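Fold and contact review
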Amino acid sequence: RMYKSRTICRSDIDSFEAPFLAIYESLIPPEEEKAQQKQLLTLLEKLVSKEWPNARLYLYGSCANSFGVSKSDIDVCLAIEETDMDKSDIVLKLANILQSDNLQNVQALTRARVPIVKLKDPVTGISCDICINNLLAVVNTKLLRDYAQIDSRLRQLAFIIKHWAKSRGVNETYQGTLSSYAYVLMCIHFLQHRRPAILPCLQEMETTYSVTVEDIECSYFDQVEKLRDFGYYNKENIAQLVWGFFSYWAYRHDYANAVISVRTGSIISKQEKDWTRRIGNDRHLICIEDPFETRHDLGRVVDKYSIKVLREEFERAAEIMQYDPNPCVKLFEPY
Ligand code: GTP
Ligand code: MG
């Protein structure tokens, strides 16, 4: 394979701003959907608090991080101090508690890597996964949501990239491609690196928010309403950013040595993280550091076959953004 390096964008790129924005807007969930999600959460809270008055429910994932498209499932975390029960016992009991006239298909998946309860609200058709005490996910959800408030181009870019990844079948961790969470981190990292920068690095700034979860100190600057003008000097639009994103991952990312790190707002080396060789199932073929669980590479699901698939998809997308007469259609064509 030839790796061509392209740094000059096509001259008509700005003509694609409006169509990309139209796609973005069509993906935004309507207010009504948000209201239905809240209602379901309220019902769940009522049922849970009868049995466990001290337990709390948190929304996390795309329904709470502002990167959720219309018709997404919702992710809920039950925070509970039950020292004498393991997670699969709690999941079983929770499923029992939630069996009610108002809910359908309540299933306890006790043997999954992460035990969860799955259910569906028959009125709205909303599906929901409930996990136990996964508070790091609640905190990283807040980090993503806070980044999204700084500059509207992050949400635009992430929606387009997620939509592309779903259309092209590269948003399937069980098949060795990347999670939505990983793609959003790639977008944040990319915008931290534009010149002038579009996003700051919140974890390198003064601490205004701090929690310790599972012995990990999660702290960063969360007064993001003060950063609304941060990206002002960068005038790039969504079409240019989509082009730049794919061109980076197709031609410029150093897969052999580089780790992208939203935590530090920079690229760090695999060497420094000791991610240079395969350990167990972690092959580190594309390295995306989790902002809080820094030992955790979100690219760990990628294997020697799926890395090829991913890189070919990045190249396909980059070529389309550079040459195709109709990139807003071609990019999302089903595979
Ligand atoms: P869609 O459901 O595809 O719209 O996206 P999503 O934002 O819900 O992402 P995903 O289903 O990939 O993950 C849900 C949430 O779980 C994320 O927002 C994270 O908070 C958390 N999460 C997912 N994968 C990981 C992981 O590998 N490590 C950690 N710490 N959290 C993760
Ligand atoms: Mg989700």
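Our subject in this report is the structure included herewith. Only a predicted model underlies this, so the values are computations on that prediction, with no experimental measurement involved.

1. A short note on the site of ligand 1
Surveying the vicinity of ligand 1 reveals 18 residues, the closest of which are Asn 140, Lys 162, Lys 166, Ser 180 and Glu 293. In this structure, Asp 75 approaches ligand 1 through a side-chain N or O atom, which is 3.2 Å from an oxygen atom. Within the complex, 79% of the 610 Å² of free accessible area of ligand 1 lies under protein. A molecule is said to occupy a pocket when more than half its atoms come within 2 Å of that pocket's grid points, and by this definition ligand 1 occupies the largest pocket. Broken down by secondary-structure element, the contributors of at least two residues to the shell around ligand 1 are α4 (135-150), α5 (152-167) and α6 (180-192). Top element by residues in the shell around ligand 1 is α4. It accounts for three residues. Class assignment for the residues of the shell around ligand 1 results in four nonpolar, eight polar and six charged.

2. So, the sheet that holds strand β9 (residues 266-269)
Strand order in the open sheet made by the three strands is β9-β8-β10, with mixed pairing throughout. Each edge of the open sheet is held by one strand with a lone partner, namely β9 and β10 (287-289). Averaged over neighbouring strand pairs, the angle between their axes works out to 35° when direction is ignored. Of the strand pairs in this sheet, strand β8 (residues 258-261) and β9 are connected by four bridges, and their pairing is antiparallel. Bridging from a neighbouring strand, Ile 260 pairs with Ile 267 of β9. Contacts between α6 and the sheet are confined to β8, β9 and β10, with β8 contributing the most and set at about 90° to the helix.

3. As for α6
An α-helix turns once every 3.6 residues. As a result, residues three or four positions apart point the same way. Its 13 residues place the ends of α6 19 Å apart at the C-alpha level, agreeing with the 18 Å of an ideal helix rising 1.5 Å per residue. Counting buried positions over the 13 residues of α6 gives 13, a clear majority of the element.

4. As for the pattern of salt bridges
Per the stated rule, a full pass over the model turns up eleven salt bridges. Among the ionic pairs, Asp 129 bridges to Lys 118, the shortest N-O distance being 2.9 Å. Separated by eleven residues along the polypeptide, Asp 129 in strand β5 (residues 127-132) and Lys 118 in strand β4 (residues 116-120) bring together distant segments of the chain. The closest approach of N and O atoms between Arg 277 and Asp 274, which form a salt bridge, is 2.8 Å. The exposure class assigned to Arg 277 is partly exposed, which follows from its relative accessible area of 44%. Within the structure, one salt-bridge network assembled from shared partners comprises Lys 142, Asp 146 and Asp 222.

Parameters at a glance
Residues numbered from 1 in each chain as written. Chains lettered and ligands numbered in written order. Predicted model: local features only at pLDDT ≥ 70, side-chain atom pairs only at ≥ 80, totals over all residues. Heavy atoms only, no water. Near = heavy atom within 4 Å. Polar contact = N/O pair within 3.5 Å; in protein donor to acceptor, adjacent residues only side chain to side chain. Areas by Shrake-Rupley, 256 points an atom, 1.4 Å probe, with all protein chains shown as cover. 1 Å grid on protein atoms, 1.4 Å probe; cavity = no way out; pocket = protein on both sides within 12 Å on 5 of 7 lines; lining within 4 Å. Sits in = over half its atoms within 2 Å of the grid points. Helix = DSSP H or I, 4+ residues; strand = E, 2+ residues; numbered from the N terminus. Nonpolar A, V, L, I, M, F, W, Y, C, P; charged D, E, K, R; others polar. Pairing = 2+ DSSP bridges. Axes fitted to C-alpha atoms, helices over the stretch in contact; angles between N-to-C directions. Contact = heavy atoms within 4.5 Å. Expected span 1.5 Å × (residues − 1). Buried < 20%, exposed > 50% of the residue type's maximum accessible area, 1.4 Å probe, protein only. Salt bridge = Lys/Arg side-chain N within 4 Å of Asp/Glu carboxyl O.

Remember that the coordinates give geometry; whether it matters functionally is a separate question.
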